[in-house]
Amino acid sequence: MAHPLALALHGGAGTILKEQMTAELEAAYHQSLQTALQAGWQALMAGLPAVEVVALVVEHLENDPLYNAGRGSVFTHQGLHEMDAAIMCGHTLAAGACAGVQQVQNPVRLAQAIMNNSEHVMLAGQGAQQFALEQGLPLQPNSYFYTPFRHSQWQHVRDTGHYALDHNLNGIDALMHNKKFGTVGAVALDANGHIAAATSTGGMTNKQYNRIGDSPIIGSGCYANNKTCAISSTGHGEIFIKAVAAYDVSCLMEYAGLSLQQAMEKVVMDKLVRMQGEGGMIGLDAKGQIGMVFNSAGMYRAARNSQGVDVIGIYG
């Protein structure tokens, strides 16, 4: 009997309410999630390893300006784009991450190159960019990352000293209260029974001081281990870092014997809530069970497995 396949992806979580969404935008998100899911599923069906599939899916999402990652990344206080990404293979526990990189078209591919072609796990800033150049990864001018929506967001807060967690409606109040964490991520289980995870983000609008969130931190924004689970997080990065959120799910499975769903719910609905950490995560285990848990109003998400799961969701 063939090994089960499974794939889940997310495009961020937060205050995502139907009444704030136009029909056109909702349709665009649905189509985008469907396209990324289909691309990943075809790759799994073709026998690609999980670690390559998650990179491929996240690359799809990075190329879509709907999400705060890659092309759609938010503006920093200086009017630039600083991106973070991580990837981890559950079979070998190999991992790669990049933080605070500019002009790299697909940060997830840089994270993958760091994992495969360097002796390090995480590279940051100028050094990471230098490595991207040496690896022949595509770089883009700042104009490539310009989207009118992100620019108008930044205009609202650029002179205030505030930062914002992602898409807003309008004005400071909306920015501070309509929190959306536009990180993207994917988890996959391949035909050999191996799992992997990847996460990518543009961070916070108007961020200063080269702020880095949980996305590139192995164990917080991204984690994979064949023995337990593959997790990609999206949420208030500072709290997810302090909670070591992704690895905590793995620990609860490995040491407390919890199922994937139980462990994810304990971390997201209990621990993070007590720490006032808003957001969510996607996960899967080596049996093909999928979890998508969030304590925010919504999470852009999609999943499919051999056991008949086939879902695209936006709201809670």
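Residues numbered from 1 in each chain as written. Predicted model: local features only at pLDDT ≥ 70, side-chain atom pairs only at ≥ 80, totals over all residues. Heavy atoms only, no water.

Trainee: Explain the sheet that holds strand 9 (residues 230–235) here, please?
Mentor: Remark on secondary structure: sheet strands pair via backbone hydrogen bonds, oriented parallel or antiparallel. Strand order in this open sheet of four strands is 8-9-10-11, and the pairing throughout is antiparallel. Among the strands making up the open sheet, the edge pair consists of strand 8 (222–224) and strand 11 (290–294). Each adjacent strand pair in this sheet contributes to an overall mean axis angle of 10 degrees, direction not counted. In terms of strand pairing, strand 10 (residues 279–284) meets strand 11 through five bridges, oriented antiparallel. When the bridges of strand 11 are listed, L284 appears paired with I290. Sheet strands in contact with helix 8 (residues 245–256) are strand 8, strand 9 and strand 10, and its direction is about 30 degrees off that of strand 8. Relative to strand 11, helix 9 (residues 260–274) is tilted by about 15 degrees, and along the sheet it contacts strand 9, strand 10 and strand 11. (Pairing = 2+ DSSP bridges. Helix = DSSP H or I, 4+ residues; strand = E, 2+ residues; numbered from the N terminus. Axes fitted to C-alpha atoms, helices over the stretch in contact; angles between N-to-C directions. Contact = heavy atoms within 4.5 Å.)

Trainee: Quick question: what am I supposed to make of the packing of helix 1 (residues 23–45) against helix 2 (residues 50–62) here?
Mentor: Any two packed helices are characterised by how steeply their axes cross, that is the angle between the axes, and by the distance between the axes. At a closest axis distance of 9 Å, the pairing of helix 1 and helix 2 adopts a crossing angle of 160 degrees. Considering the angle they form, helix 1 stands roughly antiparallel to helix 2. Helix-helix and strand crossings are classified by hand; for helix 1 and helix 2 the assignment is right-handed. Packed against helix 1, whose contacting residues are S32, T35, A36, A39, G40, A43 and L44, the element helix 2 presents V53, L56, V57, H60 and L61 at the interface. Grouping the amino acids of the contact of helix 1 with helix 2 by side-chain chemistry returns eight nonpolar, four polar and no charged. (Parallel < 35°, antiparallel > 145°, perpendicular 65-115°, else oblique. Left-handed = near helix turned anticlockwise from the far one by under 90°. Nonpolar A, V, L, I, M, F, W, Y, C, P; charged D, E, K, R; others polar.)

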